[in-house]
Each structure stands twice: as structure tokens, then as C-alpha cells.
Amino acid sequence: MENFSKETKAGSLHGSYDAKFKDVADAFIENFETRNEVGANVAITLEGKTVVDIWGGRKEPGGAAWEKDTVSIVFSCTKGATALCAHMLADRGKLDLDAKVADYWPEYAKNGKEETTVSMMLDHSAGQPHLRTKLKDGAYYDYDYMVKLLEEEEPFWKPGVRNGYHGVTFAWTVGEIVHRAAGKRMGRFFADEVAKPLGLDFHIGTPEEVEKRIAPMIFAEPDPAAMNSKFTQALMSDPASPAHLFLLNGGNANFNSREAHAAEIGSANGITNGRGLAGMYQPLANGGGKLVGKDTLARMGRVAMGTHEDATLLIPTRFALGYMKSMDNRKLKNEPNSSCIMGDAAFGHVGMGGSLGFADPEARMSFGYNMNRMGSGILLNDRGQALVDAAYRSLGYRSNASGVWAM
């Protein structure tokens, strides 16, 4: 590993990397020099060993330095942690992914949701992309309140017939399944069974003592290039659409508040850094480790649901059970930043604004990236994709005609 230090207009960068991954370090620098990065961390493991861990910039523009132990909200990257809990329980025989939700959570099985299966919760086909009920202020911080609303809600479509990204409700659809099967809440299960054993600085329900290390998120400015996207048009014109409800019926949640950090929102408020994301996926890139067996691992990375038009995001999407697969939407008109291009075997999750964590069992690589200045668009922006591209190039992969990285 080579020590890394660089001064940029946004602040100092530090860390280390294997010489083979110099392209990743160069892309990280380029993000600060030309792509307006403010603060970030990228970490990569290969065959179980750390080969990149570099960080830097500032926690806020012109503010304190982004330190090695700085963390931030990684938004929907949290879904990868929640899904992992479900798969671990399945691996242990405590959760059947093909069973009906009613077998574990009987209160859910009403108002058209009686035939919903656990796997539908994970692949975003359960028909609960959001709630039509106007949410009270602070709704996302009240776990039991959200669970009760989802029990009463009628699905937006017959469960299983199509998928639509469950952008926030995943926290309680999958989270409550984990709760029922494990006998403890998902945040506690993740802390006890994943974060602590792996030594991860990764929290879903963040303790008070971590608060001083959290970099506040800098929210993305509107992107004129996306104003004509199907998602934006639905958001602005159709109050009944999943797109509108997903972003505008949120109970005035403030994700930079202590209340949001302390809550358990297993779809959206995980707090960690690139190192924590790469660390969580490291066992999954190398046979499953002590987390899951090989059969479970194979199912985790297999496409479970693909569509030409996701009912929420209104772009083509591909999901495994709880994870995103490589999605190449670069040729779509009026849809900037709506791709996430990884290896074909890779599975993981993007977070709103551009964070990312994934495992690639074929390459035996895990990847994690977090930042505080959010980008626009639905999936990755140019900063995160540049780092992913550099990682695969470092391994000798090439981007193929199918829009995935391959040997």
C-alpha cells in the first residue's frame, strides 16, 4: 500500500492505496478538482484485503476537515444492510423468502395484501412504494406508526405483478419482517450480527456519541437537464403517483437532524462511510464469510425482478432480492444520472445523491463510497461512476456492449 496525500481546492486528501489501483486515486482527486466534491471517502477490498482507503475534503464547504473517521448518511445504501439481515435469517432457517408475509406478520395480510410474499418485499413488487395517507410530522422517526399505516394501506397494484421502487417504505416492509423473524428490531440485529463482528462503523439508529463525527448532507440543486424526465414530470403533475408521494409525502423529515440520525429507518438513514460499506460487502465478495452460505449468497446476487419501467422511478430497473444490479440507462433521453454500471455478478445499492456500496463475487472485490455533496438524478452521478470505472479498469475489466464491466 502506498501512502496518499494531496492538496486540492476543496481541502486535503489522505489515505493509502495499492499501486494497482492508482486510477482510483486519480479519479478521487479529479472529483475534487473538477466535479465539485466537498468531502468523501472511497474504500475497496480485493480478495478480503483493503486495497484502497482514501478520504478528505471538508465536512462542510469551508468548514472542518473530513477526517478518517468522518461518517455521513448513505441514504438507500442502507437497504443493502437491511436486505443482508433478511438473507442471514433465511440462511439460518428462521425466514423463508418464498413464504407469505402473513406467516410472520399476520396483521399485514389484509386489504389486498394477503398473498404478498417475503420476496416481494425484497424485490420491490409488494405494491407498497409509498403511503397515500398524509404523514404526520416526524413520521419516519416513529417506527410503530409507519408499521401500522402499512398494515392498513391498500397496495398500489396486485402484489407481485410488477415492481416499483419502495424508496422509503422498504424500511418497514422488510424491516418488520426481520423484526418478526429475529425477535429483535432490525437495527439491533444489524449491530449485533453484522457491524460488531465485522468491526464496522455503521449504524442504523445512530448513538449520540457518533453525532459529532457526522458530516451534514449538502442537498442537490435542481438539474435543468432532468426537468423533462418521466420521474420529474410525475412528481410535479400527479399527486397520486408513487413518484410524488415518495418525495413529497415525507412528514417533513430532516435527515440532517439528530432525530433522523437516531431513528431506525432501514431504507434511508444508515450512517457510515466508504470504509463501512466496503467492509459490509467484503465477506459477500469472498464466499459469504460467516454471514451467509454459498447457496444464499448465490441467490442474493441473482436478478429477481427486471422491468422496462419501474412504477416509481419510471426508468428500466434490475433488482436482486434487496439489491440493485447493474443498470445502464445512458441512452435514455432526459434521464441524466439514471445508471449504475457495475460487473454483471455485482450486487449492492446506490444511495440518494450518489453514495454506493457493492460486492462483486466474480472479481472478489467490494466497494464503498460516501460523500456529503449530493448529486442530482436517480442513481449514480459522474463522481461515483468514475470511481467504479477506475476500480474495474484496475482489474483489467472492460466495459462491454451490455453496459457492464467484464473481463
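Just so it is clear, the model here is predicted, and its values are computed rather than measured.

Chemist: How do you make sense of the overall build of the protein chain when you look at a structure like this?
Modeler: Helices and strands together make up the secondary structure of the protein chain, namely 12 helices and 13 strands. The C-alpha radius of gyration of the protein chain comes to 20 Å, within 12% of the 22 Å expected for a compact globule of 407 residues. Reported as C-alpha extents along the three principal axes, the dimensions of the protein chain are approximately 60 × 50 × 45 Å. Within the structure as shown, the protein chain displays about 15,500 Å² of accessible surface, and the carbon and sulfur contribution to it stands at 48%. Taken together, the 45 basic and 50 acidic charged side chains of the protein chain have centroids lying 3 Å from each other.

Chemist: How do you make sense of the sheet that holds strand β1 (residues 2-8) when you look at a structure like this?
Modeler: Through backbone hydrogen bonds, the strands of a sheet pair up, either in parallel or in antiparallel fashion. Spatially, β1-β2-β4-β3-β11-β10-β9 is the arrangement adopted by the seven strands of the open sheet, whose pairing is antiparallel. Where the open sheet ends on each side, the last strands, each with one partner, are β1 and β9 (347-351). Across this sheet, the average inter-strand angle for adjacent strands is 5°, counted without regard to direction.

Chemist: Explain the state of the cysteines here, please?
Modeler: Scanning the model with the defined rule gives zero disulfides in all. With no disulfide of its own, Cys340 has Cys77 as its nearest cysteine by sulfur position, at a separation of 9.3 Å. Of the residues examined, Cys340 reaches a relative accessible area of 1% and is grouped as buried.

Chemist: How should I be thinking about the packing of helix α1 (residues 22-34) against helix α12 (residues 382-394) in this particular structure?
Modeler: Angle between the axes and distance between the axes are the two parameters that describe a pair of packed helices. Between α1 and α12, the least distance of the axes is 8 Å, while the angle of their chain directions is 165°. Put simply, α1 runs roughly antiparallel to α12. Considering only the axes of α1 and α12, their crossing is right-handed. Across from Asp23, Val24, Ala27, Phe28 and Asn31 in α1, the residues of α12 making contact are Arg383, Ala386, Leu387, Ala390, Ala391, Arg393 and Ser394.

Chemist: What exactly am I supposed to notice about the side chain of Thr82 here?
Modeler: Looking at the element boundaries, Thr82 is found in helix α2 (residues 78-91). A residue is classified by how much of its surface remains accessible, and Thr82, at 0% relative accessible area, is buried. If we skip the residues at most four places from it in the chain, Thr82 touches Phe170, Val174, Gly175, Val178, Met186 and Gly266.

Chemist: What am I meant to see in a nonpolar patch on the surface here?
Modeler: A cluster of nonpolar side chains, namely Leu247, Leu248 and Met352, defines an oily patch on the protein surface of about 280 Å² accessible area. Within the secondary structure, Leu247 is located in helix α8 (residues 242-248).

Chemist: Whenever I open this one, unusual backbone geometry confuses me. Can you help?
Modeler: Across the chain, the bulk of peptide bonds are trans and the bulk of non-glycine residues have phi less than zero. If you check the backbone angles, Asn337 has positive phi at about 55° while not being a glycine. Given the relative accessible area of 25%, Asn337 is considered partly exposed. Although it is not a glycine, Arg364 sits at a positive phi angle of roughly 60°. Here Arg364 shows up in the loop between β10 (355-360) and β11 (365-371). Among the residues examined, Arg364 registers a relative accessible area of 38% and is labelled partly exposed.

Chemist: How should I be thinking about the layout of surface pockets in this particular structure?
Modeler: Where empty space is left becomes clear once a probe the size of a water molecule has been rolled over the atoms. A volume near 1,200 Å³ is recorded for the largest pocket. In terms of lining, the largest pocket is formed by 46 residues, of which the most central are Phe231, Leu235, Phe246, Leu247 and Met352. Every element with two or more residues in the lining of the largest pocket is listed here: α7 (230-237), α8 and β9. Among the residues making up the lining of the largest pocket, the classes are represented as 26 nonpolar, 14 polar and six charged.

Calculation criteria
- Residues numbered from 1 in each chain as written.
- Predicted model: local features only at pLDDT ≥ 70, side-chain atom pairs only at ≥ 80, totals over all residues.
- Heavy atoms only, no water.
- Helix = DSSP H or I, 4+ residues; strand = E, 2+ residues; numbered from the N terminus.
- Rg over C-alpha atoms; globule rule 2.2 N^0.38 Å.
- Areas by Shrake-Rupley, 256 points an atom, 1.4 Å probe, with all protein chains shown as cover.
- Lys, Arg positive; Asp, Glu negative; His and termini not counted.
- Charge placed at Lys NZ, Arg CZ, Asp CG, Glu CD.
- Pairing = 2+ DSSP bridges.
- Axes fitted to C-alpha atoms, helices over the stretch in contact; angles between N-to-C directions.
- Disulfide = S-S within 2.5 Å.
- Buried < 20%, exposed > 50% of the residue type's maximum accessible area, 1.4 Å probe, protein only.
- Parallel < 35°, antiparallel > 145°, perpendicular 65-115°, else oblique.
- Left-handed = near helix turned anticlockwise from the far one by under 90°.
- Contact = heavy atoms within 4.5 Å.
- Patch = residues over 30% accessible without salt bridge, like charges linked within 9 Å, V, L, I, M, F, W, Y side chains within 5 Å.
- Salt bridge = Lys/Arg side-chain N within 4 Å of Asp/Glu carboxyl O.
- 1 Å grid on protein atoms, 1.4 Å probe; cavity = no way out; pocket = protein on both sides within 12 Å on 5 of 7 lines; lining within 4 Å.
- Points joined across faces, edges and corners; volume = space filled by probe spheres on them.
- Nonpolar A, V, L, I, M, F, W, Y, C, P; charged D, E, K, R; others polar.

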